[in-house]
Amino acid sequence: NMLTCLLSGQNQVDYDTNINSVLLVHRQNQADNGGTGGSGTIRFDVSTDGGATFQLNKLLTPGILNGTATPVTGGRYPQITIWNPSGNTDAANAYAVSTGVTLNTVNDGQWGIIQASSAKFDGSNNVDAYFDIYGDNTTFHSYGMHTDVNGNMWALASRLSTTTDNADSVDYSSFSVLKGIFNTGTNSVDWSVAYSLPWDVFVYTDPDNGTTAQAVSWNIAFSPDGQTGYAVINGTQSTTVPRPAPHPNVYKTTDGGSSWAPLPIHDFSADQWVVDNIPGANDTGLPRPYFSDMDMTVDANGKLHMITEVITQSLGNSSDSANYVFVDLATQFIVHAATTDGVTWDLETLSNV
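Residues numbered from 1 in each chain as written. Predicted model: local features only at pLDDT ≥ 70, side-chain atom pairs only at ≥ 80, totals over all residues. Heavy atoms only, no water.

(A) Structural detail: the confidence of the model for the chain. Overall, the predicted model of the chain reaches an average pLDDT of 86, with 83% of residues at or above 70. Counting interchain partners and residues more than four positions distant, the pLDDT-below-50 stretch residues 165-170 has nine contacts. Taken together, the stretch residues 200-207 has pLDDT below 50 and engages in 40 contacts with residues farther than four places along the chain or on a different chain. (pLDDT = per-residue confidence, 0-100. Contact = heavy atoms within 4.5 Å.)

Written as structure tokens, this is what we have:
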């Protein structure tokens, strides 16, 4: 389904070298599956020969297919990861594991419940469950899902606002690190909140009430040994004055995800790459790089690497332009940004638009 792959934080593809297997998750085309289930049914394609050939349309969400996943009516923006038992080299023993936001009938917004599904590569043992980690139908996108070397699964989930002031826009008001543990008794994954990032100040711009913080994109990744991890939100916090353009807000763990601590907020305005490429804003004369979509990984030395879009915050100085952007062909870049401490960042241009 064309509307499967839209968001930079999704991981729609996974590969495991131990079983030379590739998975792609997607929403189904109803016409290709007997006219049943609608486009919100989630399926996956699997290759066990390194991508040379694929078997298509293995079912992940039988409840959506047959209409028993009430109140969920369909899945959106699915992610996938491979859970492979420790030491296993037989693809028949591995599982496809998916999460993603859903449409549902609980409230007018029809968002707020996460699907958690899994199946063996042949489509057997398929189980789908649905959860709202905040308990009030406000759980939203869970990005960056992957399996670490220890078999733990991770994702970073956001929360929708329930406040009247933001009824006409999406409000990412807090974030939670999700941890998945494979349950061999049920042949499915048990998801829980491993850590709640201790702020609730991420919202989209609302000029009417003066709120000018926002979240643009977010992701989570771990080092090859599964010990050092980063949870990153490209956005601004409403408690930061003056408010810069959206920038990386970084949390770090060095104990395999048991505890997380914020890294310092970095002022990018004086970095040489920014000075060379981003125009100065009218109100301060300082350049304000606007960090947007991104993906990320962590290397064997525990260093965070982001591939991120960087554009320019609005050059205006009025309150209602605080989080708008100024773009022309000279101010749009794909950038490699790297750090270990949040204080020193390495920035390099990969491409300009």
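(B) Structural view of the sheet that holds strand 3 (residues 42-47). Taking strand neighbours across the sheet as the criterion, the four strands line up as 1-2-3-4 in an open arrangement whose pairing is antiparallel. On the outer flanks of this sheet lie strand 1 (13-16) and strand 4 (55-59), each paired with one strand and no other. Neighbour to neighbour, the strand axes of the sheet diverge by 25° on average, direction disregarded. In the sheet, strand 2 (residues 21-27) pairs with strand 3 via six bridges, with the strands oriented antiparallel. Among the inter-strand pairings, Val22 is bridged to a residue of strand 3, identified as Ser47. (Pairing = 2+ DSSP bridges. Helix = DSSP H or I, 4+ residues; strand = E, 2+ residues; numbered from the N terminus. Axes fitted to C-alpha atoms, helices over the stretch in contact; angles between N-to-C directions.)

(C) Just the packing of aromatic side chains, in detail. All chains considered together, the criterion is met by 10 aromatic pairs. Ring geometry for Trp273 and Phe333: centres 5.3 Å apart, planes at 80°, overall edge-to-face. Separated by 60 residues along the polypeptide, Trp273 in helix 2 (residues 272-277) and Phe333 in strand 21 (residues 333-339) bring together distant segments of the chain. Taken together, the ring pairs in this structure connect Trp83, Tyr95 and Phe182 into an aromatic cluster. (Phe/Tyr/Trp six-rings, centres within 6.5 Å; stacked < 30°, edge-to-face > 60°.)

(D) Focus on the pattern of salt bridges. With the rule as written, the count across this model stands at one salt bridge. In this structure, Asp346 engages Lys303 in a salt bridge whose closest nitrogen and oxygen atoms are separated by 2.7 Å. On the criterion of sequence distance, the pair formed by Asp346 in strand 22 (residues 346-352) and Lys303 in the loop between strand 18 (289-298) and strand 19 (304-313) is long-range, its members being 43 residues apart. Judged by its relative accessible area of 39%, Asp346 falls in the partly exposed class. Overall, Lys303 belongs to the partly exposed group, its relative accessible area being 24%. (Salt bridge = Lys/Arg side-chain N within 4 Å of Asp/Glu carboxyl O. Buried < 20%, exposed > 50% of the residue type's maximum accessible area, 1.4 Å probe, protein only.)

(E) A look at the sheet that holds strand 13 (residues 188-196). Taken in spatial order, the four strands line up as 10-11-12-13 in an open sheet, and their pairing is antiparallel. The open sheet has two edge strands with one neighbour each: strand 10 (139-147) and strand 13. Averaged over all adjacent pairs, the angle separating strand axes in this sheet is 30°, with direction ignored. Alignment of strand 11 (residues 153-159) against strand 12 (residues 175-183), held across six bridges, turns out to be antiparallel. By the bridge assignment, Leu156 is partnered in strand 12 with Val177.

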